[in-house]
Amino acid sequence: MTEPSPRPAASGGGTQPQEADRLRDMLRTPTYLKTLAFSALIGIPVSLAAFWFLVGLHQLEHLMWTNVPQALGWDAPPWWWPLPLLLVAGILVGLVVTHLPGAGGHIPASGLQAGGSSAAALPGVILAAAASLPLGAALGPEAPLVALGGGLALLFGNLARAPATPQNKALLGAAGAAAAVSTIFGNPLMAAVLLMEMAGVGGPQLFAVMLPVLLSSGVGSLVFTGFGRWTGLSTGGLSLKLGDPVPRIDTGDVFWSVLMAVAIGVFVHLILAGGRLAAVFVSMRPVVHTAVCALAAGVCASVYALTTDLSPADVASSGQATLTRMAADPHAWGVGALIAVLICKGAAYALCLGSLRGGPIFPSLFLGGAVGVLLAPLPGLGVVPAMAAGMAAAATSALRLPVSSVVLVVLLLGKTDMIPVVILAAVVAFVTTELLPPGRTVPPVVKPAVSPAARVAGPA
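Before going into details, it helps to say that this report is about the structure given with it. (Residues numbered from 1 in each chain as written. Predicted model: local features only at pLDDT ≥ 70, side-chain atom pairs only at ≥ 80, totals over all residues. Heavy atoms only, no water.)

**With respect to the pattern of salt bridges**
Under the counting rule described, the total for this entry stands at 2 salt bridges. A salt bridge links Asp-314 to Arg-325; the nearest nitrogen and oxygen atoms lie 2.9 Å apart. Of this pair, Asp-314 sits in the loop between helix 10 (286–308) and helix 11 (320–328) while Arg-325 sits in helix 11; the two residues are 11 residues apart in sequence, bridging distant segments of the chain. Taking relative accessible area as the criterion, Asp-314 reaches 5% and is therefore assigned buried. (Salt bridge = Lys/Arg side-chain N within 4 Å of Asp/Glu carboxyl O. Helix = DSSP H or I, 4+ residues; strand = E, 2+ residues; numbered from the N terminus. Buried < 20%, exposed > 50% of the residue type's maximum accessible area, 1.4 Å probe, protein only.)

**Quick look at the nonpolar core**
Of all hydrophobic cores here, the largest spans 117 residues; its most connected members are Leu-145, Val-181, Phe-185 and Leu-194. Here the element with the most residues in this core is helix 12 (residues 335–355); it accounts for 12 residues. Leave out the neighbours within four places in its chain, and Leu-194 touches Leu-112, Val-181, Phe-185, Ile-361, Leu-401 and Ser-404. (Core = buried A, V, L, I, M, F, W, Y, C linked by side-chain atoms within 4.5 Å. Contact = heavy atoms within 4.5 Å.)

**What to know about the layout of surface pockets**
If you add up the space inside the second largest pocket, you get close to 670 Å³. Along the walls of the second largest pocket sit 29 residues, with His-58, Glu-61, Ser-317, Ser-318 and Ala-321 positioned nearest its centre. Residue assignment for the lining of the second largest pocket shows that the elements contributing at least two residues are helix 2 (30–71) and helix 11. Take the lining of the second largest pocket: its biggest share by element is 8 residues, from helix 2. (1 Å grid on protein atoms, 1.4 Å probe; cavity = no way out; pocket = protein on both sides within 12 Å on 5 of 7 lines; lining within 4 Å. Points joined across faces, edges and corners; volume = space filled by probe spheres on them.)

**Brief notes about the packing of helix 9 (residues 251–284) against helix 12**
Running from N to C, helix 9 and helix 12 cross one another at 40 degrees; their axes reach a closest spacing of 7 Å. Classified by the angle between their axes, helix 9 and helix 12 sit oblique to one another. Pair helix 9 / helix 12 crosses with right-handed handedness. Each of Phe-267, Ile-271, Leu-272, Gly-274, Gly-275, Ala-278, Ala-279 and Val-282 in helix 9 lies in contact with helix 12, whose residues at this interface are Leu-342, Gly-346, Tyr-349, Ala-350, Leu-351, Leu-353, Gly-354 and Ser-355. Of the residues that constitute the contact of helix 9 with helix 12, the class distribution is 11 nonpolar, 5 polar and no charged. (Axes fitted to C-alpha atoms, helices over the stretch in contact; angles between N-to-C directions. Parallel < 35°, antiparallel > 145°, perpendicular 65-115°, else oblique. Left-handed = near helix turned anticlockwise from the far one by under 90°. Nonpolar A, V, L, I, M, F, W, Y, C, P; charged D, E, K, R; others polar.)

**Some remarks on the side chain of His-106**
Along the chain, His-106 turns up in the loop between helix 3 (82–99) and helix 4 (122–132). His-106 sits in the buried class, given a relative accessible area of 15%. Side-chain polar atoms of His-106 contact the backbone oxygen of Gly-111, separated by 2.8 Å. (Polar contact = N/O pair within 3.5 Å; in protein donor to acceptor, adjacent residues only side chain to side chain.)

**Some details on the packing of aromatic side chains**
Taken as a whole and judged by the stated rule, the model has 5 aromatic pairs. Summarising the aromatic geometry, the rings of Trp-74 and Trp-81 are spaced 6.1 Å apart at their centres and angled 65 degrees between planes, so their arrangement reads as edge-to-face. Between the aromatic rings of Trp-80 and Trp-81, the centroid separation amounts to 5.6 Å while the plane-to-plane angle is 50 degrees, which identifies the pairing as tilted. Put simply, the rings of Trp-74, Trp-80 and Trp-81 pair up and form one aromatic cluster. Over the ring of Phe-366 we find Lys-345, and its NZ or CZ is 5.4 Å from the ring centre. (Phe/Tyr/Trp six-rings, centres within 6.5 Å; stacked < 30°, edge-to-face > 60°. Lys NZ or Arg CZ within 6 Å of the ring centre and 35° of its normal.)

**Section: the packing of helix 9 against helix 14 (residues 383–399)**
Helix 14 packs onto helix 9 with a crossing angle of 35 degrees between their chain directions and a minimal axis gap of 8 Å. Judged by the twist between their axes, the crossing of helix 9 over helix 14 is right-handed. Facing helix 9, whose interface residues are Asp-253, Ser-257, Met-260, Ala-261, Ile-264, Gly-265, Val-268 and Leu-272, helix 14 presents Pro-385, Ala-386, Ala-389, Gly-390, Ala-393, Ala-394, Ser-397 and Ala-398. Here the contact of helix 9 with helix 14 is composed, by residue class, of 11 nonpolar, 4 polar and 1 charged.

**A few points about unusual backbone geometry**
With phi around 55 degrees, Ala-103 is a residue other than glycine that occupies positive phi space. Examined against the element boundaries, Ala-103 turns out to sit in the loop between helix 3 and helix 4. Overall, the relative accessible area of 0% leaves Ala-103 in the buried class. Although it is not a glycine, Arg-400 adopts a positive phi angle of roughly 60 degrees. Inspection of the secondary structure assignment puts Arg-400 in the loop between helix 14 and helix 15 (402–413).

**Quick notes on the environment of Arg-357**
When you line up the elements, Arg-357 lands in the loop between helix 12 and helix 13 (361–375). Take Arg-357: its relative accessible area is 4%, and that puts it in the buried class. Remark: the alpha-carbon pair of Arg-357 and Ala-129, spanning 228 residues in sequence, is separated by 5.7 Å. From its side chain, Arg-357 meets the backbone oxygen of Ala-103 in a polar contact 3.3 Å long. Of the polar contacts made by the side chain of Arg-357, one reaches the backbone oxygen of Ser-355; its length is 3.3 Å.

**Observations regarding helix 3**
Its 18 residues place the ends of helix 3 25 Å apart at the C-alpha level, agreeing with the 26 Å of an ideal helix rising 1.5 Å per residue. For helix 3, the set of buried residues is Pro-82, Leu-85, Leu-86, Ala-89, Gly-90, Val-93, Gly-94, Val-96 and Val-97. Viewed end-on, helix 3 has its buried residues packed into an arc of 165 degrees, placing them on one side of the element. (Expected span 1.5 Å × (residues − 1). Arc of directions from axis to C-beta.)

**Section: the environment of Gly-140**
In this structure, Gly-140 sits in the loop between helix 4 and helix 5 (142–159). Taking the C-alpha atoms as reference, Gly-140 lies 8.0 Å from Ser-317; in sequence the two are 177 residues apart. Filtering out sequence-adjacent residues up to four positions away, Gly-140 remains in contact with Leu-133, Ser-318, Gly-358, Gly-359, Phe-362 and Pro-363.

Written out as structure tokens, the structure reads:
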């Protein structure tokens, strides 16, 4: 193909096409337009599949943690309930890893990955998630959703004979993953931001530009808001007055949020390092060692239940429901219970990151929120700013995606008043975790041989 004829530069002279011209040229190509149209259509079946996948996981979790204990005569799961469930989960996941293509998806300790799963890996991804999440893995459903959405998009693209270039496969995989992930976050903006940041367009240069922008915008917002409050003057900016009162950010919130972000960054970094060590241990004997790690996570949940007389599901779960209860009534949690859930949940999280299958987002949000509630009594620190900063710092440390973490926490809060401390906590936590030693790398998963005809895309 010959290059398009040069266009006059928009400004500054020169004959090379500018970026805007290249974008227009790309939008005029039939292949890209077909890929764009197919991405719109593919969102329908992918989102439906993701919806029923999440419904199935939720129903199975409710069955194992509510219906079965009640049928056996308990109002709540007894302290030992996670032990047999997670042992079974470990055995099943180990068998999936060693016997099915794709090894059940990527290891959670390696973080979220934007690459779509192959069509051949979809059964393993579904089975590994169904064996992990409802049976008590301290993980979330977002990583299986990314693999499910990407794999289905590539499968449908093959069936529809869409253009099979590497670029189109990457676009379809990302589009399918975004359609699936939007079902769990309930917001298409979050899915789009997450997938774009996960793709890593721009590499380190993107983060080098993005971090100063985030930090300066957060500080600028604090100064602007504070100065307006001190003077009583208004600039006439666009704003909507909501009915619910929201606490104002003060100096104590900013000071403690920065220190909290450093501590949470170190804490989550240690958890991820433990997850990578667990992954190395599992790689030696996948079935046996996966069962051992899963059972150890069950022990963490049982110890928590025994020491606090609370439900072991607070530890043996993604943390989504527990975080909702904590946000609704943070004062119901005592200091001892908060310390116990941080220790036990953190240990179970690390073990599951290296052995089972799921995503790292929801447990990290819960841990950050718990740290915020624990430290909220500090002088000058409010519960809402503490939880907001804690969740932002923990999510950023676990994902290494500061923009996605900021957007996620702001959407969860439903209000924009906490954005300055959310941004500050995310940037400080990101810098903290990046400056710490990286530790051991996650070993590759064991994959059975797959025939060339079955390979639709790259590795899961």
